[in-house]
Amino acid sequence: MWAVKRMASTSASSAALTFELVAKCSTTRARASVMTLPHGPVNLPMFMPVATQASLKGLTPEQLEGTGCRLCLNNTYHLGLKPGQEVLDAVGGAHKLQGWNHNILTDSGGFQMVSLLKLATVTEEGVRFLSPHDGTPMLLTPEHSISLQNSIGSDIIMQLDDVLVTTSPDKVRMREAMERSVRWLDRCIAAHKNPDSQNLFCIIQGGLDLDMRRECCKEMVARDTPGIAIGGLSGGEAKDDFCRVVGACNQLLPELKPRYVMGIGYPEDLVVSVALGADMFDCVWPTRTARFGNAITKDGMLNLKREKYAADFGPIEDGCGCPCCRPIDEEGSMGITRAFVHHNAAKETVAAHLLTMHNVWYQLNLMREAREAIIADRFPAFVREFFGRLYPDGQGYPSWAVDALQGVGIDLNS
Amino acid sequence: MTDEAETNPAEAMTFEVLRSALIDGSAARLGRLALAGRKTIDTPNFFALTSRGVVPHITPDNVDKHLDTGGVYMALEDFIERPQQHQKRQPPIYDTPTTKRHPRPLHSFTATPPSVMTILGARRIPAVASPMGNTNTSVSVFTSQGFQVLTTKEYHQAVATLQPDIAIPLADLSHHGPVTPTSKRALRMAERTDEWLGSYLADLPSLSKTATYAPIPPVPFPIQWEYLSRLSEDLLPLKKIAGLALYDPDILPDLLTAHQNLTPLPRLSLSAPPTPHHILRHIALGTDIFTLPFLNTVSDSGLALTFSLTPPPPTSPSSSQILPLATDLSTPQNATSLTPLSKNCTCYACTAHHAAYIHHLLSAREMLAWTLLQMHNHAVLSQFFADIRASLLSNTFTEKAALFARSYEPEFPAGMGERPRARGYQYKSAGGDGKRNRPAWEKFEGDGDKKEVGVEPGTRSEGLETPLVPDEVDGTAAALDHMGFAEIEHGAEQK
Ligand SMILES: [Zn+2]
Ligand SMILES: [Zn+2]
């Protein structure tokens, strides 16, 4: 009886998504799961690289697949402008456009407009902005966003939300944005044409006000979307505040749904967020920083443009399993050295492609290792080892990480 | 001549002539270049040109997987720059350790797949003209840090250290255009090249891992007859040279008439034939292997090659339409085209992707556009050479070449697609890369300030950075509305 009950309680399905909880860390709130989407299963926790304009910066979809990626992002905003909805419809969606047979997640398109760019004005109908070409006033609504994402055909689509930077001091505006986001979710659900093949995720808003976040969680969860995102954490807020919001939301979210923290990608942020119970992350940083010659490694960031790497014939990262770094006699290894990347950094696009491959691999592998640790119930040891490598003298751990991890039972300084 | 094979004597690298001089007036021939551990190269064929040790836009894994190319040409000038803050440092490439998989330093430094041969020359093809000129013991080369002197000694040392599969000794070249055939300069080019080959062989008496392809400067036969006699009468019998590197294949008829014993050597052309028409002519002159700068240029222009040795049958019997050599994928009719880049192409770009994707990537200035175009364009060339070899085998080369000449336009179309960043210093700024002013986004309820948002300066035109706000929107608000991105607010007033 108990086994049956346990089985029943470790997986949940909606029309186009199955979430199966595989293991829970016995100390922290970290969880390992499998999320099955229309284009196949993905293991959580996971990092999703961002292929903004239906291309991951010079990597072929085949090379992206080779990093182990099975779910990547496209930006609705960019695809809406190029190639545009008509082309997407004619081609048959973004999977066909880019020759990617795995999963795609798209954002709503509102984020760039509102939060980053401050070029738009938000009203109840939608986001108002001026056409860049001729200054004509234009309106982007939840219905437009969903219609575009339906044309894109992404496996996970995001609601249009009213995003404010979390550091905004305007409580009244923050509440308005939170409540409007709930109303816009209803409009998105109503406008969504393909609930059987595309999963609409809601986005929790509410800034840094935990009560407002909790209220938003309650409203959003009641709408029973297949997955849930925590939004509005743009990086401007203090890391302690970020952790508090992620921790508070995760505690209120249903166990058998994927939890997506939007727009984060620093390795420390990923590891701490996993400890706080989050499952999915995305960020342009790993691929962006690659183009400036930076390699992400277990020992921190290396800028391979620096002269000290000119004659460094070691791999980008010792022990890395990516096609650039894996030992030269192993199948599929290229034998790329730091010296070779240095030689071509900022001179040939190939150097950027190689570092992109390495960095994406690093991020995916970090989450793979976290997942294995959760399943083996040695996640706290994994976290300590991870921070130990980044801060080798055992001191200088960031206090936000120490505090957040302490809150879930890991003492970094022990 | 007959079908009987002529082989070079026992050397690490072998070149076999499988069929030669089949038809009067054509010196075209079939051959096979082989080196243990590397892909065998059937000739006529071509070597890919690299920039700083990479085939532009293609990572080494994809060179291995998705290019047929059996050889890559590398220029030493791409590796020996002296950065201003580190004037004294030895170029790092000379310290490259070798591995079991990459037993040669040049292969190892550039992560060139072991199946691919490397060919080392001093200068890129085509080379940037130097204002300084050469001296009796040095050539002027162009690095990422500017012009630099490369002594003959350093070059010879580089060949010994880097162990390319094939090395081309220094030639005294003038990169400022053709030299008057009978001028003093032409004579000196021949004399210096002769001298430098002598000092190369003296400096490298026991070169065992590298095949030497003697450079033949682009001056008329009578001007360099002495040098060519030395190759034929002294150096060939001593097995000091394993091939010829020709800067102008038009010398071949005279050369082969005068020195028949040079016939078994493979002939590598370092001239830059601008079109496939020129390739066919050079094959008829007897060229075995090409380097083709137009390939990288065509890909960077957004063009996909569409030619094949046997043109497709005309759509109607009376049609005498001249076919284009390439198609511009940036043109709007490709926006929704799910066809391969050229009919029947089986390259990675054409099997995994389609014209609409490349069109999108070009329009979005995504680097992958150029990667996929490179794969396709190299594949079309590989197929072109494979078809040429088949025609030589079936004795149809001459008529196929004539049909090709009648069927295709003489030149490539001009590609309108945006180029990637002119990869820096190799391209002297000719004002062709001018930045267009694009419409900038303006703040709604704003102060009219136009601004660029979310882009690192200088990275956008290079395809390295995607602006958070796409910076170019095709057309008007009506177009945006049409694209489904948003709708025009009729009646709304801009404040
Ligand atoms: Zn790596
Ligand atoms: Zn192709």
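Here the structure is a predicted model, which means the values were calculated and not measured. (Residues numbered from 1 in each chain as written. Chains lettered and ligands numbered in written order. Predicted model: local features only at pLDDT ≥ 70, side-chain atom pairs only at ≥ 80, totals over all residues. Heavy atoms only, no water.)

Caption draft 1: The overall build of chain B, seen in detail. For chain B, the helix and strand inventory stands at 13 helices and 19 strands. A fraction of 67% describes how many contacts in chain B between residues 6 or more apart in sequence connect residues 24 or more apart. On chain B, roughly 20400 Å² of surface is accessible, and the fraction owed to carbon and sulfur atoms is 53%. (Helix = DSSP H or I, 4+ residues; strand = E, 2+ residues; numbered from the N terminus. Contact = heavy atoms within 4.5 Å. Areas by Shrake-Rupley, 256 points an atom, 1.4 Å probe, with all protein chains shown as cover.)

Caption draft 2: View of the pattern of salt bridges. This structure, assessed with the given rule, holds 37 salt bridges over all chains. For Glu 219 of chain A, the salt bridge identified is with Arg 223 of chain A, shortest N-O distance 2.9 Å. Among the ionic pairs, Arg 185 of chain B bridges to Asp 172 of chain B, the shortest N-O distance being 2.8 Å. In this pair, Arg 185 of chain B sits in helix 4 (residues 184–203) while Asp 172 of chain B sits in the loop between strand 10 (166–167) and helix 4, placing the two residues 13 residues apart along the sequence. For Arg 185 of chain B, a relative accessible area of 22% puts it in the partly exposed group. Residue classification places Asp 172 of chain B among the buried residues on the basis of a relative accessible area of 0%. (Salt bridge = Lys/Arg side-chain N within 4 Å of Asp/Glu carboxyl O. Buried < 20%, exposed > 50% of the residue type's maximum accessible area, 1.4 Å probe, protein only.)

Caption draft 3: Structural detail: the domain arrangement of chain A. Residue and element names in this part refer to chain A. What the domain assignment reports for chain A is domain 1 (42–283) and domain 2 (302–376). Taken over C-alpha atoms, the centre of domain 1 sits 29 Å from the centre of domain 2. In this complex, domain 1 contributes 22 residues to the contact, which on the side of domain 2 involves 13 residues. Note on domain 1 versus domain 2: buried area summed over both sides is about 1500 Å², and carbon and sulfur give 73% of it. Joining domain 1 to domain 2, the criterion identifies zero salt bridges. Here domain 1 is connected to domain 2 by three residue pairs in polar contact (both at pLDDT 80 or more). Elements that contribute at least two residues to the side of domain 1 that touches domain 2 include exactly strand 4 (40–44), strand 5 (46–48), helix 2 (61–66) and helix 11 (267–275). Considering each element in turn, the side of domain 1 that touches domain 2 owes the most residues, four residues, to helix 11. Residue classes in the side of domain 1 that touches domain 2 are distributed as 14 nonpolar, seven polar and one charged. (Domains from an automatic or database assignment. Buried area = accessible area lost by both parts, 1.4 Å probe. Polar contact = N/O pair within 3.5 Å; in protein donor to acceptor, adjacent residues only side chain to side chain. Nonpolar A, V, L, I, M, F, W, Y, C, P; charged D, E, K, R; others polar.)

Caption draft 4: How the structure looks around the UniProt feature "binding site: Zn(2+)" (unreviewed entry) in chain B. Residue and element names in this part refer to chain B. As annotated by UniProt and renumbered to match this structure, "binding site: Zn(2+)" (unreviewed entry) occupies Cys 345, Cys 347, Cys 350 and His 376. In sequence the annotated residues extend across 32 residues, while in space they remain close, none of their C-alpha pairs exceeding 8.0 Å. Here Cys 347 lies in the loop between strand 16 (326–328) and helix 9 (348–352). The exposure class assigned to Cys 347 is buried, which follows from its relative accessible area of 6%. Setting aside its immediate chain neighbours within four residues, Cys 347 contacts Met 375, His 376 and Ala 379. Structurally, the position occupied by Cys 350 is in helix 9. Judged by relative accessible area, Cys 350 falls into the buried class, the value being 8%. If sequence neighbours within four positions are ignored, Cys 350 has contacts with Pro 340, Leu 341, Ser 342, Cys 345 and His 376. (UniProt positions renumbered as here; feature names shortened; annotations may be inferred.)

Caption draft 5: Seen up close, the nonpolar core. Of all hydrophobic cores here, the largest spans 186 residues; its most connected members are Phe 379 and Phe 387 of chain A together with Leu 231 of chain B. Here the element with the most residues in this core is helix 14 (residues 349–375) of chain A; it accounts for 13 residues. Mapped onto the domain boundaries, this core takes at least three residues apiece from domain 1 (42–283) and domain 2 (302–376) of chain A. In contact with Leu 231 of chain B, other than residues within four places in its own chain, are Leu 197, Ala 214, Ile 216, Leu 236, Pro 237, Ile 241, Leu 244 and Leu 262 of chain B. Residues Val 298, Leu 381, Ile 388 and Phe 397 of chain B belong to the second largest nonpolar core, which totals 28 residues. (Core = buried A, V, L, I, M, F, W, Y, C linked by side-chain atoms within 4.5 Å.)

Caption draft 6: The confidence of the model for chain B, seen in detail. All names here are of chain B. Considering every residue of chain B, the mean pLDDT works out to 85; 81% of them sit at 70 or more. For the stretch residues 422–442, pLDDT sits under 50, and the model shows 55 contacts to residues farther than four places along the chain or on other chains. Note on residues 467–475: pLDDT under 50 across the span, and 38 contacts to partners over four residues away in sequence or across chains. For this predicted complex, the interface confidence score (ipTM) comes to 0.95, while the overall pTM stands at 0.91. (pLDDT = per-residue confidence, 0-100.)

Caption draft 7: Region of interest: the coordination of the zinc ion (ligand 1). All names here are of chain A. Around the zinc ion (ligand 1), the protein contributes the donor atoms Cys 320 (SG), Cys 322 (SG), Cys 325 (SG) and His 358 (ND1), at 2.0 to 2.4 Å from the metal centre. Between the four donor atoms coordinating the zinc ion (ligand 1), the angles at the centre fall across 104 to 118°, so the site counts as tetrahedral. Along the chain, the residues donating to the zinc ion (ligand 1) are arranged with the sequence spacing C-x1-C-x2-C-x32-H. Here the two residues Cys 322 and Cys 325 agree in accessibility, since each one is buried. (Donors = N, O, S within 2.8 Å, 3.2 Å for Na, K, Ca; no water. Tetrahedral: all angles 85-135°; square planar, octahedral: opposite > 155°, others 65-115°.)

Caption draft 8: Examining the sheet that holds strand 19 (residues 487–488) of chain B more closely. Taking strand neighbours across the sheet as the criterion, the four strands line up as 8(A)-9(A)-10(A)-19(B) in an open arrangement whose pairing is antiparallel. Looking at which strands have only one partner, the edges of the open sheet turn out to be strand 8 (121–122) of chain A together with strand 19 of chain B. With four bridges joining them, strand 9 (residues 127–130) of chain A and strand 10 (residues 137–140) of chain A adopt antiparallel strand pairing. Opposite Phe 129 of chain A, over in strand 10 of chain A, you have Met 138 of chain A as the bridge partner. (Pairing = 2+ DSSP bridges.)

Caption draft 9: Broad picture of the coordination of the zinc ion (ligand 2). Residue and element names in this part refer to chain B. Looking at the zinc ion (ligand 2), one finds its protein donor set to be Cys 345 (SG), Cys 347 (SG), Cys 350 (SG) and His 376 (ND1), positioned 2.1 to 2.3 Å from the metal centre. Considering all four donor atoms around the zinc ion (ligand 2), the spread of angles at the metal, 97 to 120°, places the coordination shape in the tetrahedral class. Of note, the zinc ion (ligand 2) draws all its donor residues from one chain, in the sequence arrangement C-x1-C-x2-C-x25-H. One end of the pair, Cys 350, is in helix 9; the other, His 376, is in helix 11 (residues 368–393), and 26 residues separate them in sequence. His 376 matches Cys 350 in its accessibility class, with the two residues each being buried.

Caption draft 10: Structural context of the environment of Ala 364 of chain B. Summarising the element assignment, Ala 364 of chain B is placed in the loop between helix 10 (355–363) and helix 11. With 249 residues separating them along the chain, Ala 364 of chain B and Ser 115 of chain B place their C-alpha atoms 35 Å apart. Not counting residues within four places of it along the chain, the set of residues in contact with Ala 364 of chain B comprises Gln 53 and Lys 82 of chain A.

Caption draft 11: The arrangement of the UniProt feature "binding site: Zn(2+)" (unreviewed entry) in chain A in detail. Residues and elements named next belong to chain A. The sites that carry the UniProt feature "binding site: Zn(2+)" (unreviewed entry) are, in the present numbering, Cys 320, Cys 322, Cys 325 and His 358. The greatest C-alpha distance among the residues just named is 8.3 Å, despite their covering 39 residues of sequence, which places them together in space. Tracing the backbone through its elements, the reader meets Cys 320 in the loop between strand 17 (300–303) and helix 13 (338–344). Under the relative-accessibility criterion, Cys 320 is labelled buried at 8%. Excluding residues within four positions of it along the chain, Cys 320 makes contact with Cys 325, Arg 326, His 358 and Trp 361. Within the secondary structure, Cys 325 sits in the loop between strand 17 and helix 13. In contact with Cys 325, other than residues within four places in its own chain, are Pro 315, Ile 316, Glu 317, Cys 320 and His 358.

Caption draft 12: Region of interest: the sheet that holds strand 5 of chain A. Residue and element names in this part refer to chain A. In space, the eight strands of this open sheet follow the order 5-15-14-13-12-11-7-6, with parallel pairing throughout. Taken across any chain shown, the strands that pair with only one partner, and hence form the sheet edges, are strand 5 and strand 6 (71–74). The mean inter-strand angle of the sheet, taken between neighbouring strand axes irrespective of direction, is 25°. In this fold helix 7 (residues 142–152) packs onto strand 7 (103–106), strand 11 (156–158) and strand 12 (199–204), with an angle of close to 165° to the strand it touches most, strand 11. (Axes fitted to C-alpha atoms, helices over the stretch in contact; angles between N-to-C directions.)

Caption draft 13: Summary view of the confidence of the model for chain A. Taken residue by residue, chain A gives an average pLDDT of 93. The fraction at 70 or more is 96%. Long-range and interchain partners of residues 1–8 of chain A, a stretch whose pLDDT sits below 50, account for zero contacts in this model, where long-range means more than four residues apart.

Caption draft 14: Representation of the packing of aromatic side chains. Residues and elements named next belong to chain A. The full count for this structure, using the stated rule, is 18 aromatic pairs over all chains. Between Phe 386 and Phe 387, the aromatic rings sit 5.2 Å apart at their centres with planes inclined by 90°, giving edge-to-face as the arrangement. One exposure class covers both Phe 386 and Phe 387, and it is buried. Geometry around Trp 361 places Arg 368 over its ring, the cationic atom sitting 4.9 Å from the centre. (Phe/Tyr/Trp six-rings, centres within 6.5 Å; stacked < 30°, edge-to-face > 60°. Lys NZ or Arg CZ within 6 Å of the ring centre and 35° of its normal.)

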